[in-house]
Amino acid sequence: MRPEVFDIVLTKTDAVYFPGQTIHGQVNLELSKTVKVKGIRMTFKGKAFVHWTDQLMRGPGETRFKQVRHHSATEDYFDFSQSLLSKDHECHQNGHHNGDGHSLDAGQFTFPFQFILPKTCPSSFEGQFGYIRYWLKVSIERHWKGDISVKKMFTVVAPVDLNRDSSCSQPSQTHKTKVLCCVCCVSGPLNARLRLNHKGYVSGETMHVFAEINNETRRKIRTTSIELLMTTTFKATSKSRSITQQVAKMCRGSIPPGQSDSWEGEHLVIPSLPPSYLIGCGIINVHYTLELRVFPEGPAFALSVPLDILIGTVPLHSTIQQHWTSNGYQPPSFAVNGACADPLQEQYHHHQQQQQQQRRPSYLYPIFHPSSMCQFHVRDEDDDHNTMLNKEYSPCYTYYNFRRASNLALQQQNESTRLVT
């Protein structure tokens, strides 16, 4: 028995929710003939899971053998299950109950549902050795046969307000010096400095990068680069493992001996990324680094100058004020002690209402973009060939389209000019 239609429809088409929000939707089922089933069950689940293996050689001489060790850990955030079939429901939707199960007549069935997410859920994440994943699954339970299931993934975004961490609005800088040995003599030092106007950013924001490289060595600097890196740490019961991925990169050319080079506010737009730390999860952690790398010619290691940054979901007040002013709008006023308790959620819920009240740049309200850093296989162990799901799912995160806001401001200015003339 294969249903003609069997799917899960959420009222929020982007399928992105905040902790504490209510998920509304319905299950649609269409049958071409009468079928008998044990039941129809819906499950809501949220969990974090990490797993990887390593190999060790054991034993002496010819008796050596390869030992594979598994490292894993799990955190459960919720696991709720309920039956979608009841006597009252069947009376209204072409079905009836008998002693050994349920009989569903041919036709269309609709099962509305709702579920309140716990307020402590961490943000969704998909990584190489683990994930933080949320889904709902509906299974048609059959007698003497495997269940037929449909699975719907959704994203949870836990707000990270940059205004609540005073260090996020402060300038940040670091520098390093390296001495290169040249055969029998020592050349001068290689100095590099990296600076940012502030430490905290949101996806879609433009990072203005300042750097200075002073090459007092006798060697030519082959190239320099600035890279935005994401480091993910997976924590198992007795061991942890970290991987670093390159998010974005900018490069410069060579620097002759005795010369210098500088980056004067070079632009780096931050793509859609999961927020720092993944607050609420104890087995997966994410942090970000901006790194200046200087590559000398010859046998020498590169000079690396790392600078920690924080990726949030609610932008700094100063960032909002700066972009309002640059687009010709009156900057909003903010509370001295920071934003509201759930600023991202409030922004989202009142998006349409506030846009009607004033003509404001759209970057104040987050949209949701999938992240290219979180695209991995999403089939779980309990999913078989009878489970229908979108295997290309990747979590969506808050993204502020600052550049589009500037274009909108210019269009509005041109419209005002035409009206005056």
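Residues numbered from 1 in each chain as written. Predicted model: local features only at pLDDT ≥ 70, side-chain atom pairs only at ≥ 80, totals over all residues. Heavy atoms only, no water.

J.: Give a detailed account of the overall build of the protein chain, specifying residues and quantitative values.
T.: When its secondary structure is counted, the protein chain shows 5 helices and 24 strands. Out of the 421 residues belonging to the protein chain, those deemed buried represent 47%. Sequence separation of at least 24 residues holds for 71% of the intrachain contacts in the protein chain that already meet a minimum separation of 6. As presented, the protein chain carries roughly 21,400 Å² of accessible surface, and 47% of it is formed by carbon and sulfur atoms. (Helix = DSSP H or I, 4+ residues; strand = E, 2+ residues; numbered from the N terminus. Buried < 20%, exposed > 50% of the residue type's maximum accessible area, 1.4 Å probe, protein only. Contact = heavy atoms within 4.5 Å. Areas by Shrake-Rupley, 256 points an atom, 1.4 Å probe, with all protein chains shown as cover.)

J.: Explain the side chain of D161 to me, and be specific about the residues and the numbers.
T.: Residue placement: D161 occurs in the loop between strand 12 (148–156) and strand 13 (172–182). Among the polar contacts listed, one links the side chain of D161 to the side chain of N163, at a separation of 2.8 Å. (Polar contact = N/O pair within 3.5 Å; in protein donor to acceptor, adjacent residues only side chain to side chain.)

J.: Explain the pattern of salt bridges residue by residue, including any values.
T.: Enumeration over the complete set of coordinates arrives at 10 salt bridges. When the shortest N-O distance is used, the salt bridge between D54 and K239 registers 2.9 Å. Of this pair, D54 sits in strand 5 (residues 39–58) while K239 is found in the loop between strand 17 (221–235) and strand 18 (240–252), placing the two residues 185 residues apart along the sequence. (Salt bridge = Lys/Arg side-chain N within 4 Å of Asp/Glu carboxyl O.)

J.: Before we move on, could you go through the sheet that holds strand 21 (residues 303–312) and cite the residues and values that matter?
T.: The 5 strands are arranged 15-21-20-17-18 in an open sheet whose pairing can be described as mixed. If you trace the sheet from one side to the other, it starts and ends with strand 15 (200–202) and strand 18, each paired once. Each neighbouring strand pair of the sheet contributes to a mean axis angle of 35°, computed without reference to strand direction. Where strand 20 (residues 284–296) meets strand 21, 7 bridges bridge the pair, whose relative direction is antiparallel. (Pairing = 2+ DSSP bridges. Axes fitted to C-alpha atoms, helices over the stretch in contact; angles between N-to-C directions.)

J.: Before we move on, can you summarise the nonpolar core with the specific residues and values?
T.: Within the largest apolar cluster, 81 residues are counted, with the highest numbers of intra-cluster contacts made by F125, F154 and L290. Apart from the residues lying within four places of it in its own chain, the contact partners of F154 are L10, A15, Y17, I23, F78, L117, S124, Y134, W135, L136 and Y393. In terms of nonpolar packing, the next biggest core, distinct from the first, is built from 8 residues, L162, L316, Y400 and F402 among them. (Core = buried A, V, L, I, M, F, W, Y, C linked by side-chain atoms within 4.5 Å.)

J.: Talk me through the packing of aromatic side chains; I want residue IDs and the actual numbers.
T.: Here the structure, examined in full by the defined rule, presents 14 aromatic pairs. Measuring from centroid to centroid gives 6.4 Å for F109 and F111, while their planes differ by 5°, and the two rings are stacked. F109 gets classed as buried once you look at its relative accessible area, which sits at 2%. Chaining the aromatic ring pairs together yields one cluster made of Y17, F44, Y77, F78, F80, F113, F115, Y134 and F154. Between the NZ or CZ atom of R195 and the centre of the ring of F210, over which it lies, the distance is 4.3 Å. Sitting above the plane of the W263 ring, R252 keeps its charged end 4.5 Å from the centroid. (Phe/Tyr/Trp six-rings, centres within 6.5 Å; stacked < 30°, edge-to-face > 60°. Lys NZ or Arg CZ within 6 Å of the ring centre and 35° of its normal.)

J.: Give me the confidence of the model for the protein chain: which residues, what numbers.
T.: Looking at the protein chain, the pLDDT average stands at 83 and 77% of residues meet or exceed 70. Within the protein chain, strand 15 carries the highest mean pLDDT (97), whereas helix 4 (residues 351–357) carries the lowest (41). Of the regions scoring below 50 in pLDDT, residues 336–345 engages in 20 contacts with residues more than four places distant in sequence or in other chains. Taken together, the stretch residues 347–363 has pLDDT below 50 and engages in 34 contacts with residues farther than four places along the chain or on a different chain. (pLDDT = per-residue confidence, 0-100.)

J.: Can you tell me about the sheet that holds strand 9 (residues 107–116), naming the residues and giving the values?
T.: Spatially, 1-3-9 is the arrangement adopted by the 3 strands of the open sheet, whose pairing is antiparallel. If you trace the sheet from one side to the other, it starts and ends with strand 1 (5–10) and strand 9, each paired once. For this sheet, the mean angle separating the axes of adjacent strands, direction not counted, is 15°. As paired elements, strand 3 (residues 22–31) and strand 9 share 10 bridges and run antiparallel to each other. In the strand pairing of strand 9, L29 is matched with F109.

J.: Describe unusual backbone geometry, listing the residues and the values that go with them.
T.: At A15, a position not held by glycine, the phi torsion is positive, near 55°. Tracing the chain through its elements places A15 in the loop between strand 1 and strand 2 (16–17). What makes A15 buried here is its relative accessible area of 9%. At Y277, a residue that is not glycine, the phi angle is positive and equals roughly 75°. Within the secondary structure, Y277 sits in the loop between strand 19 (260–269) and strand 20. Y277 sits in the partly exposed class, given a relative accessible area of 39%.

J.: Provide a residue-level description of the environment of P274, including the pertinent values.
T.: Here P274 lies in the loop between strand 19 and strand 20. Here the alpha-carbon distance between P274 and I311, two residues 37 residues apart in the chain, equals 7.7 Å. In this structure P274 touches F125, M230, Y288, I311, S371, C374 and Y397, once residues within four positions along its chain are discounted.

J.: Report on the pairing of strand 16 (residues 206–215), specifying residues and quantitative values.
T.: Within strand 16, 7 of the 10 residues are buried, leaving the element largely enclosed by the surrounding structure. Pairing of strand 16 with strand 19 involves 9 bridges; the strand directions are antiparallel. Looking at strand 19, one finds that T206 is bridged to V269.

J.: So what's going on with the environment of T206? Which residues, and what values?
T.: Secondary-structure assignment places T206 in strand 16. Excluding residues that lie within four positions of it along the chain, T206 makes contacts with Y201, H267, L268 and V269.

J.: Give a description of the environment of C121 that names residues and reports values.
T.: Looking at the secondary structure, you find C121 in the loop between strand 9 and strand 10 (125–126). On the basis of relative accessible area, C121 is assigned to the buried category, the value being 3%. It is 8.3 Å that separates the C-alpha atoms of C121 and G20, two residues lying 101 residues apart in sequence. In this structure, C121 is in contact with P19, F78, Y134, V156 and A158, ignoring residues within four places of it in sequence.

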